[in-house]
Amino acid sequence: MRLLIKNPQDFWSGIIFLIFGSGAILIGRDYAMGTAGQMGPAYFPTAIGALLLLVGALALLRSTIRSGPAIGRFSMKQAALVLSAPILFGLLLHVGGFLVAIFLLVLISGCASTRFRTVPYLALALGFALFCVLLFVVLLGIPLPIFGTLFNF
Amino acid sequence: MELLDHLGIGFETVFTVSNLLYCLIGVLLGTAIGVLPGLGPAATIAMLLPLTFNLSAIPALIMLAGIYYGSQYGGSTTAILVNLPGESSSVVTALDGYKMARQGQAGKALATAAICSFVAGCIATLVIAVFAPPLADLALEFGPAEYFSLMVLGLVASVILAAGSLLRAVGMILIGLLLGLVGTDVNSGVQRYTFGRPELFDGLDFVVVAMGMFALGEIIRNLENEIERNTTTGKVTGLMLTREDLKRIVAPAFRGTALGTVLGILPGGGAMLSSFAAYSVEKKVSPNSAHFGKGMIEGVAAPEAANNAGAQTSFIPMLTLGIPSNPVMALMIGAMIMQGIQPGPAVMTEQPALFWGIVVSMWIGNLFLVILNLPLIGLWVRMIMVPYHFLFPGIIVFCTIGVYSLNNSTFDLYLMAIFGLFGYVCAKFEMEAAPMLLGLILGPMMEEYLRRAMLMSRSDPMVFLQEPISAVMLAVAVLSLAAVVLPALRQKRAEAFVE
């Protein structure tokens with residue numbers, strides 16, 4: 001298998017195209033197809049899905065013919081930290097409140113850096129939390145709870 | 001003179017204290033965020049979008065336009081001072097600009113960039129004022145077949161102009177078109193690809209996808225190999241250009257402007273392609289082409305003029321046809337729709353104050369940039385010196401708040417994270433995000449026009465060839481695609497991008 005794939009970038013992008021293409025067609029089977037003159041909701045996505053299958057197949061084919069650069073290592077830790085920060089913000093916003101959510105968002109995403117040091121980042125997180133409350137809630141009037149339900153006694 | 005009347009309306013709109021202030025704030029904020037390394041105009045606008053939510057349509061768009069030029073200009077400043085172009089369009093500026101800075105001519109390079117951008121901005125604004133009305137008149141005659149073919153042409157052009165693999169760019173466009181179809185089908189009311197989530201019934205929000213792909217995906221990539229940046233920029237002095245310098249930059253500035261004006265109108269082109277093209281033209285024309293890349297003032301003047309001209313004229317298809325030619329314009333369209341304006345040829349006749357206000361504000365914004373930015377250079381230098389490991393949590397904070405405040409929905413945050421992951425994966429496989437975002441915006445429009453055209457022609461696909469304008473556009477699309485796929489020309493394209 002490894003010998004066959006000369007261009008891993010083409011190979012994996014081909015796989016992604018095939019997934020999206022077949023997904024569009026398979027899920028689209030639940031919707032009405034219609035005719036060319038009276039297109040149903042499935043008509044256009046099915047056509048695009050078919051084109052994607054074609055592009056995906058071409059990419060797979062090309063990956064066995066033309067060689068290309070290898071794919072670098074995925075930085076799983078950085079990706080996990082950076083992406084979990086906004087998710088955690090969403091989960092915490094109503095419970096802990098805006099101030100707490102921003103504070104933790106900065107700390108957690110900060111851990112993704114190799115230069116993470118506890119004290120400076122604690123200060124940074126506190127600074128950002130206060131600044132954002134001032135800018136977005138006080139000045140711009142965006143409706144965000146400064147303190148969450150956790151602080152209601 | 002009709003042109004003067006139009007510009008008069010524009011000046012009347014812009015010359016109120018509050019609108020001038022919003023233009024100024026936009027330009028300053030745009031520059032401040034734009035100088036931060038690694039943040040291009042699209043990410044900057046997406047991040048600052050929530051600031052305009054409480055404004056009415058005219059000041060909101062004036063401010064967003066200001067943010068756009070500001071970030072463009074900020075990107076060049078970073079390129080010159082620290083050789084870290086924040087966006088692809090200033091990559092070329094870094095070649096000679098950074099060399100000039102190393103030779104102690106940072107001030108000269110910055111002044112050249114400012115002056116050339118201003119000249120180009122003035123000319124491009126006039127071009128918009130002259131050519132937008134006839135184009136909008138023409139567009140009013142367009143039926144569904146013409147619109148569909150125009151979008152096909154636009155997508156083909158964006159594939160051809162995209163850097164990297166053609167095949168992958170096509171694939172990304174198709175994925176974008178599919179993602180654009182998520183939500184309620186306007187004709188049948190059927191919920192498509194929503195997996196039963198009510199949050200998806202209105203479709204995927206462009207800003208959510210753009211922030212995920214551009215901002216988060218990019219941050220993960222930057223964190224992969226954190227390198228110590230050279231922050232020893234020192235003080236910038238000598239902002240004045242000599243008569244000799246001015247003589248040297250006149251011709252390149254005008255050539256760059258001309259190229260940028262034309263290329264900016266093309267879909268997928270805009271600022272980046274313009275600056276690349278302008279640089280290679282200067283290199284060919286110049287008698288001392290060997291000195292390029294070693295600190296030639298012409299090598300700063302031409303691409304800076306070109307990218308600013310291109311940035312301005314990319315507004316033409318957006319304002320007259322309602323079709324975005326690049327992700328930044330797609331964001332502008334998103335902002336207009338949020339303000340309750342349906343972009344298209346009707347905007348000019350129905351809301352002349354808005355249309356001409358935006359056009360005139362472009363000129364004012366450029367004026368602000370040239371007057372303010374050189375004196376403020378010390379401030380921008382300090383912004384650039386903020387180390388990246390303190391900067392990126394802040395970017396994530398702004399993206400998060402921006403996305404949340406779109407619909408006050410935490411679901412959008414989870415979506416953004418998903419697209420951040422997808423963006424990172426795509427970047428790893430060198431699949432470009434920009435064509436996908438173009439597809440995302442055009443998807444629902446294309447489907448709608450295709451449906452209408454086929455309905456009106458009683459399911460005869462020949463309608464696209466029988467309407468002359470539509471046939472011409474499709475022919476251009478097919479010919480240009482064929483030209484690129486032919487191997488001989490493909491080689492040239494690769495060379496052009498290497499330069």
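Since the model is a prediction, treat every value here as computed from it, not as a measurement.

Counting secondary structure elements, chain B contains 23 helices and 2 strands. In terms of overall dimensions, chain B is globule-like: its C-alpha atoms have a radius of gyration of 22 Å, near the 23 Å expected for 499 residues. Structurally, chain B occupies a C-alpha span of about 70 × 55 × 50 Å along its principal axes. Within chain B, the proportion of its 499 residues that are buried is 60%.

It is worth spelling out the overall build of chain A at this point. Each helix and strand counted, chain A has 5 helices and 0 strands in total. Reading chain A from its N end, one meets helices and strands in the order α-α-α-α-α. For chain A, whose C-alpha radius of gyration is 24 Å, the value lies well above the compact-globule estimate of 15 Å for 153 residues. Principal axes of the C-alpha set define a box for chain A whose edges measure 60 × 45 × 25 Å. Each of the 153 residues in chain A was classed as buried or not, and the buried ones make up 39%. Here the analysis covers contacts within chain A between residues at least 6 apart in sequence; of these, 65% occur between residues at least 24 apart.

Partitioning chain A into domains gives domain 1 (8-65) and domain 2 (76-151). Between the C-alpha centres of domain 1 of chain A and domain 2 of chain A the distance comes to 39 Å.

Moving on: the interface of chain A and chain B. Facing 58 residues of chain A, the contacting portion of chain B comprises 53 residues. Of all the elements in the fold, those that place two or more residues in the side of chain A that touches chain B are helix H1 (8-28), helix H2 (43-65), helix H3 (76-96), helix H4 (98-110) and helix H5 (118-139) of chain A. In terms of residues, the side of chain A that touches chain B owes the most to one element, H2(A), which gives 11 residues. Grouping the amino acids of the side of chain A that touches chain B by side-chain chemistry returns 39 nonpolar, 17 polar and 2 charged.

Bringing the confidence of the model for chain B into the picture now. Residues and elements named next belong to chain B. When pLDDT is averaged along chain B, the result is 83, and 92% of the positions lie at 70 or above. Per-element mean pLDDT across chain B ranges from 55 in helix H23 (residues 487-498) up to 93 in helix H19 (residues 410-428). The ipTM, which scores confidence in the relative placement of chains, is 0.93 for this predicted complex, and the corresponding pTM is 0.85.

Turning next to the nonpolar core. The nonpolar side chains of a soluble globular protein tend to be buried with one another. Within the largest apolar cluster, 223 residues are counted, with the highest numbers of intra-cluster contacts made by A:Ile102, B:Ala46, B:Ala210 and B:Met211. The biggest single contributor to this core is helix H6 (residues 106-140) of chain B, with 19 residues. Residues from two domains meet in this core; each of domain 1 (8-65) and domain 2 (76-151) of chain A gives at least three. Excluding residues that lie within four positions of it along the chain, A:Ile102 makes contacts with A:Phe128, A:Ala129, A:Cys132 and B:Val397.

Because each turn of an α-helix spans 3.6 residues, side chains separated by three or four positions end up pointing in the same direction. Taking 1.5 Å per residue as the helical rise, helix H8 (residues 166-180) of chain B with its 15 residues ought to reach 21 Å, and the 21 Å between its terminal C-alpha atoms agrees with that figure. Of all 15 residues in H8(B), 13 are buried; the element is thus mostly enclosed.

All names here are of chain B. In this model helix H22 (residues 468-485) runs 26 Å from its N-terminal to its C-terminal C-alpha over 18 residues, within 8% of the 26 Å that 1.5 Å per residue would give. Listing the buried residues of H22 in full gives Ser 470, Met 473, Leu 474 and Ala 477. The buried side chains of H22 occupy one side of the element, clustering within an arc of 95° when seen end-on. Opposite the buried face of H22, by more than 90 degrees, sit the exposed residues Pro 468, Leu 479 and Ala 482. Residues of H22 that are buried in the fold lie against helix H7 (144-161) and helix H21 (463-466).

Turning to the packing of helix H9 (residues 206-224) of chain B against helix H14 (residues 327-338) of chain B, a few remarks are in order. Residues and elements named next belong to chain B. H14 packs onto H9 with a crossing angle of 150° between their chain directions and a minimal axis gap of 10 Å. The interaxial crossing formed by H9 with H14 has left-handed handedness. Only Pro 327, Ala 330, Leu 331 and Gly 334 of H14 make contact with H9, whose side of the interface consists of Phe 206, Val 207 and Ala 210. Taken together, the residues of the contact of H9 with H14 sort by class into 6 nonpolar, 1 polar and no charged.

Here the focus is the environment of B:Val281. Residues and elements named next belong to chain B. Here Val 281 lies in helix H11 (residues 270-285). With 18 C-beta atoms packed within 10 Å, Val 281 lands in the partly exposed category. With 57 residues separating them along the chain, Val 281 and Met 338 place their C-alpha atoms 40 Å apart. Residues contacting Val 281, with those up to four places away along its chain left out, are Arg 255 and Leu 259.

Residue and element names in this part refer to chain B. A positive phi angle, close to 50°, is found at Asn 408, a residue other than glycine. Of note, Asn 408 is situated in the loop between helix H18 (388-407) and H19. According to the C-beta neighbour criterion, Asn 408 is exposed, with 11 such atoms within 10 Å.

Each pair of packed helices gets described by two things: the angle between the helix axes and the distance between those axes. Residue and element names in this part refer to chain B. The interhelical angle for the contact between helix H4 (residues 57-82) and helix H17 (residues 377-384), taken along N-to-C directions, is 75°, at an axis separation of 11 Å. When the axes of H4 and H17 are compared, the pair comes out roughly perpendicular. Every residue of H17 that contacts H4 at Gly 74, Thr 77, Thr 78, Leu 81 and Val 82 is listed here: Trp 380, Val 381 and Ile 384. Per-class residue counts for the contact of H4 with H17 are 5 nonpolar, 3 polar and no charged.

Right, let's talk about the environment of B:Leu442 for a bit. All names here are of chain B. Tracing the chain through its elements places Leu 442 in helix H20 (residues 433-456). Classification of Leu 442 by C-beta neighbours within 10 Å gives buried; the count is 24. Residues Leu 442 and Asn 407 lie 35 residues apart in sequence; the distance between their C-alpha atoms is 22 Å.

This brings us to the environment of B:Leu20. Residues and elements named next belong to chain B. Secondary-structure assignment places Leu 20 in helix H2 (residues 17-34). The class for Leu 20 is partly exposed, based on 16 C-beta atoms found within 10 Å. Considering only alpha carbons, one finds Leu 20 and Phe 368, 348 residues apart in sequence, at a separation of 9.9 Å. Residues in contact with Leu 20, not counting those within four places in the same chain, are Val 14 and Phe 15.

Conventions used here
- Residues numbered from 1 in each chain as written.
- Chains lettered and ligands numbered in written order.
- Predicted model: local features only at pLDDT ≥ 70, side-chain atom pairs only at ≥ 80, totals over all residues.
- Helix = DSSP H or I, 4+ residues; strand = E, 2+ residues; numbered from the N terminus.
- Rg over C-alpha atoms; globule rule 2.2 N^0.38 Å.
- Buried ≥ 20, exposed ≤ 12 C-beta atoms within 10 Å, placed from the backbone.
- Contact = placed C-beta atoms within 7 Å.
- Domains from an automatic or database assignment.
- Nonpolar A, V, L, I, M, F, W, Y, C, P; charged D, E, K, R; others polar.
- pLDDT = per-residue confidence, 0-100.
- Core = buried A, V, L, I, M, F, W, Y, C linked by C-beta atoms within 7 Å.
- Expected span 1.5 Å × (residues − 1).
- Arc of directions from axis to C-beta.
- Axes fitted to C-alpha atoms, helices over the stretch in contact; angles between N-to-C directions.
- Left-handed = near helix turned anticlockwise from the far one by under 90°.
- Parallel < 35°, antiparallel > 145°, perpendicular 65-115°, else oblique.

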